[in-house]
Amino acid sequence: MMNEAGKRQTPPYLSCIVPVFNEGEVITSFIPALVNQLKAVTDCFEVIVVDDGSTDNTLARVMPFCENLPVKLIGLSRNFGKEAALTAGIDACEGEAVLLIDADFQHPLAMIPVFLDYWQQGYDMVYGVRKDRKGESFLKKKGADSFYRIMGYGTGVNVPANAGDFRLMSRNVVNALKALPERGRFMKGIYAWVGFNSIGVPFDVQERRAGQTGWSYRKLTSLALSGITSFTTVPLRVVGILGLTISVVSVLYAFFIIFTTLFLGTDEAGWPSIVTAITFIGGVQLLSLGVLGEYIAGIFNEVKQRPTYLVDKRFGFEKEHNDIPAH
Ligand code: UDP
Ligand code: MG
């Protein structure tokens, strides 16, 4: 409920979505810690753990929590990636406010009351912004940097730098996310695209408590590429401009050749410049085809209309949220 000043008066029914992939080591301490923190801020909540096709004992370790805590578990049929796991949680949750949080303690639980505070002030989306990226490799930092620059340049919307999936959203935002039909769920772009009254809150990323990151450089690069090609047409424009530049230069060069032939006589030598021109133009053509290919692959994946994820198991959903008191 909002009052006239746009403030929300009571704490919300809060859904907390936790995507997990091979987090067996850390999940048994994370769930109780999360539940304790949630109890301190609201009377009514649900925790939805989405197991993203873990190959360790994560699923078995989460199941007991479904019996005596307001914890629900969705097991996907294989590893679909974090974005798909979050989408599965978002589709299943019922809360008035929805929190997305990682299972590895990197997102500090102490930020939850701060996020809720902003929510009560009337914000629809409260997102965590990493204060710095210390502990990350030079390559990862530089990669992230250029990624945000291209995104900022190429999209009409502002994709905030260093803001990830750690965020609290109101039901309005969640419904808007659910209404977007695209299969390629590039969440960073989607959050920014839906808009609403948003605010970023700086936080310190914690060390991962146990286990290891599920993001390899390969996965990160592919995420960044799909982000850029699903949200911007910058690469298409770049190859267009490149093609135009090369055409202009070659026309100028043609004039130059005509001029030298007419006034200075023919110059028979010159095969190195021909070979260079041929290989250069060949390279540019293949590059342009590759860029077009990325977009066609995007279209191909969308027209197949496959679901973003497949659910294999569900636990704890039979209980109504009023059945189990949070305290
Ligand atoms: N995760 C997931 N599916 C994946 C990779 C990761 O559900 O394919 C989960 C993971 O269990 C964790 C969260 O997403 O709860 C963030 O992953 P991670 O810590 O590996 O990423 P990082 O913190 O390094 O960005
Ligand atoms: Mg992590």
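Because the structure is predicted, anything quoted here is derived from the model rather than measured.

Topic: helix α4 (residues 111-120)
Then comes step 1: Within the span of α4, buried status applies to Met 111, Ile 112, Phe 115, Leu 116 and Trp 119. Viewed end-on, α4 has its buried residues packed into an arc of 135 degrees, placing them on one side of the element.
Then comes step 2: If you follow the buried residues of α4, they end up packed against β1 (14-20), α1 (24-41), β4 (97-100), β5 (125-130), β6 (163-170) and β7 (198-203).
Then comes step 3: Backbone geometry just after α4 places Gly 122 at a positive phi near 115 degrees.

Some words on the side chain of Glu 46
Then comes step 1: For Glu 46, the location among the structural elements is in strand β2 (residues 45-51).
Then comes step 2: Looking at Glu 46, its side chain comes within polar contact range of the side chain of Ser 15, at 2.5 Å.
Then comes step 3: Excluding its chain neighbours within four sequence positions, the residues that come into contact with Glu 46 are Tyr 13, Leu 14, Ser 15, Cys 16, Pro 70, Lys 72, Cys 93, Glu 94 and Gly 95.

Looking at the pairing of β5
Then comes step 1: Where β5 and β6 come together, four bridges link them in antiparallel fashion. Bridge pairing links Tyr 127 to Arg 167 in β6.
Then comes step 2: Summarising the sheet, β5 and β7 pair through six bridges and their orientation is parallel. Across the sheet, Gly 128 pairs through a bridge with Val 201, a residue of β7.

Description of the packing of α1 against helix α2 (residues 58-68)
Helix packing for two helices is described by the angle between their axes and how far apart those axes are.
Then comes step 1: Viewed as axis vectors pointing N to C, α1 and α2 meet at an angle of 15 degrees, and their least axial separation amounts to 9 Å. Taken together, the axes of α1 and α2 are roughly parallel relative to one another. You can see that α1 and α2 cross each other, and the crossing is right-handed. Counted together, Gly 24, Glu 25, Ile 27, Thr 28, Ile 31 and Pro 32 of α1 and Thr 58, Arg 61, Val 62 and Phe 65 of α2 form the full contact between these two elements.
Then comes step 2: Considering only residue class, the contact of α1 with α2 consists of five nonpolar, three polar and two charged.

Digging into the sheet that holds β1
Then comes step 1: Strand order across the open sheet formed by eight strands is β7-β5-β6-β4-β1-β2-β3-β8, with mixed pairing between neighbours. Two strands lie at the open edges of the sheet, namely β7 and β8 (311-315), each paired on one side alone. Adjacent strand axes in the sheet meet at a mean angle of 20 degrees, parallel and antiparallel pairs treated alike.
Then comes step 2: Contacts between α1 and the sheet are confined to β1, β2 and β3 (71-76), with β2 contributing the most and set at about 155 degrees to the helix.

What counts as what
- Residues numbered from 1 in each chain as written.
- Chains lettered and ligands numbered in written order.
- Predicted model: local features only at pLDDT ≥ 70, side-chain atom pairs only at ≥ 80, totals over all residues.
- Heavy atoms only, no water.
- Buried < 20%, exposed > 50% of the residue type's maximum accessible area, 1.4 Å probe, protein only.
- Helix = DSSP H or I, 4+ residues; strand = E, 2+ residues; numbered from the N terminus.
- Arc of directions from axis to C-beta.
- Contact = heavy atoms within 4.5 Å.
- Polar contact = N/O pair within 3.5 Å; in protein donor to acceptor, adjacent residues only side chain to side chain.
- Pairing = 2+ DSSP bridges.
- Axes fitted to C-alpha atoms, helices over the stretch in contact; angles between N-to-C directions.
- Parallel < 35°, antiparallel > 145°, perpendicular 65-115°, else oblique.
- Left-handed = near helix turned anticlockwise from the far one by under 90°.
- Nonpolar A, V, L, I, M, F, W, Y, C, P; charged D, E, K, R; others polar.

By themselves, these are just geometric observations and shouldn't be taken as functional.
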